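Breakdown of the fold
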Amino acid sequence: MGSGDNDTTPAAVRLTVGEVDRDDLVTGQVVLVLGGEPVRFELTAPAGVATVQEVLPVLQGLSSFLAERAEAKARGEGSAVSCHAGCGACCRQLVPISPSEAHALAHLVEAMPEPRRSRVRQRFEGALEALDKGGVLDRLVVAREEGRSELAMDYFRSGVACPFLEAESCSIHPDRPLSCREYLVTSPAENCRTPSAETIQLLKLDGDPSTALLKAEASIGWLALVLALRFAELAPPEAPAQTGPEILGDLFRRL
């Protein structure tokens, strides 16, 4: 691969675990073919045994990159993403997350200063109470992939907002789950208040990190975001058995 003033090779997309309390970080490169185009990624992760939660920032960065790439493509085709701050309709949907994401969200809440931490915890409890009264909570606890679409619609009809929703905007936007990063629409924003297959036009991404993560943690399966704190209390994280590069290698192969 050449270098110099005439080198037009695109720079690698850098994805990192961020500031972590480890001294064994290692950096490597991988190439993904996205929409028929090879894209180089530079990944930084723990070299030693790590948890999926520790490498989660890499997947968050990948999801955001894919969403931004799809949004740019849509603009080039004369379309536009209608999602924006202050439009919280999708924040009343059933949000599937992985076990590692549940633990990450629980850690995020625990690190919040008071009184915000208590307010967010109260919202989680209030959401569970409302879903219980509506007959949806029991179905969430034993959630299966089959029947998920019907469950998602019943959840949406309950009108229960995400506990992190504040002023119709995501209060944890930099740390939001993968499925939230990957959910973008080009249909009118008002259609999201009464969604259907006919009225919602989803933006198609060139990859699906959220599904890759769910498949990687298939032994436990997916759970609803609203159950994150309860799950984290009852199910401690699994002991790490792979190195950071091994975890990312497995996840990237599932894209």
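Read on for an overview of the structure. (Residues numbered from 1 in each chain as written. Predicted model: local features only at pLDDT ≥ 70, side-chain atom pairs only at ≥ 80, totals over all residues. Heavy atoms only, no water.)

1. What to know about the overall build of the protein chain
Helix and strand content of the protein chain: nine helices and nine strands. Here the protein chain has a C-alpha radius of gyration of 19 Å; the compact-globule value for 255 residues is 18 Å, and the two agree. Along the first, second and third principal axes, the C-alpha atoms of the protein chain reach 65 × 45 × 35 Å. In the protein chain, buried positions account for 41% of the 255 residues. Of the contacts made within the protein chain by residues no fewer than 6 positions apart, 76% connect residues no fewer than 24 positions apart. Carbon and sulfur atoms make up 51% of the accessible area of the protein chain, which totals about 13800 Å². A distance of 4 Å separates the average location of the 25 positive side-chain charges in the protein chain from that of its 36 negative side-chain charges. (Helix = DSSP H or I, 4+ residues; strand = E, 2+ residues; numbered from the N terminus. Rg over C-alpha atoms; globule rule 2.2 N^0.38 Å. Buried < 20%, exposed > 50% of the residue type's maximum accessible area, 1.4 Å probe, protein only. Contact = heavy atoms within 4.5 Å. Areas by Shrake-Rupley, 256 points an atom, 1.4 Å probe, with all protein chains shown as cover. Lys, Arg positive; Asp, Glu negative; His and termini not counted. Charge placed at Lys NZ, Arg CZ, Asp CG, Glu CD.)

2. Details of helix 9 (residues 244-253)
Turning to helix 9, its buried residues number three or more, namely Gly244, Ile247, Leu248, Leu251 and Phe252. Buried residues along helix 9 cover an arc of 125° about the axis, so they all sit on one side. (Arc of directions from axis to C-beta.)

3. Comments concerning the packing of helix 1 (residues 52-76) against helix 2 (residues 99-110)
Put simply, helix 1 and helix 2 touch, their axes get as near as 9 Å, and they point 90° apart. By the criterion of interaxial angle, the relationship of helix 1 to helix 2 is roughly perpendicular. From helix 1, Val52, Gln53 and Leu56 reach across to helix 2, where they touch Ser100, Glu101, His103, Ala104 and His107. Tallied by class, the residues present in the contact of helix 1 with helix 2 amount to three nonpolar, four polar and one charged. (Axes fitted to C-alpha atoms, helices over the stretch in contact; angles between N-to-C directions. Parallel < 35°, antiparallel > 145°, perpendicular 65-115°, else oblique. Nonpolar A, V, L, I, M, F, W, Y, C, P; charged D, E, K, R; others polar.)

4. Re the nonpolar core
Ile97, Leu131, Leu140, Phe164, Leu225 and Val226 are the most contacted members of the largest nonpolar core, which totals 35 residues. In terms of residue count, helix 3 (residues 116-133) provides more of this core than any other element does, five residues in total. Excluding anything up to four places from it in sequence, isoleucine 97 contacts Ala102, Leu105, Pro177, Leu214, Trp222, Leu223, Ala224, Leu225 and Ala228. The next biggest cluster of nonpolar side chains, apart from the first, holds 30 residues, and it includes Leu43, Leu59, Leu205 and Ile247. (Core = buried A, V, L, I, M, F, W, Y, C linked by side-chain atoms within 4.5 Å.)

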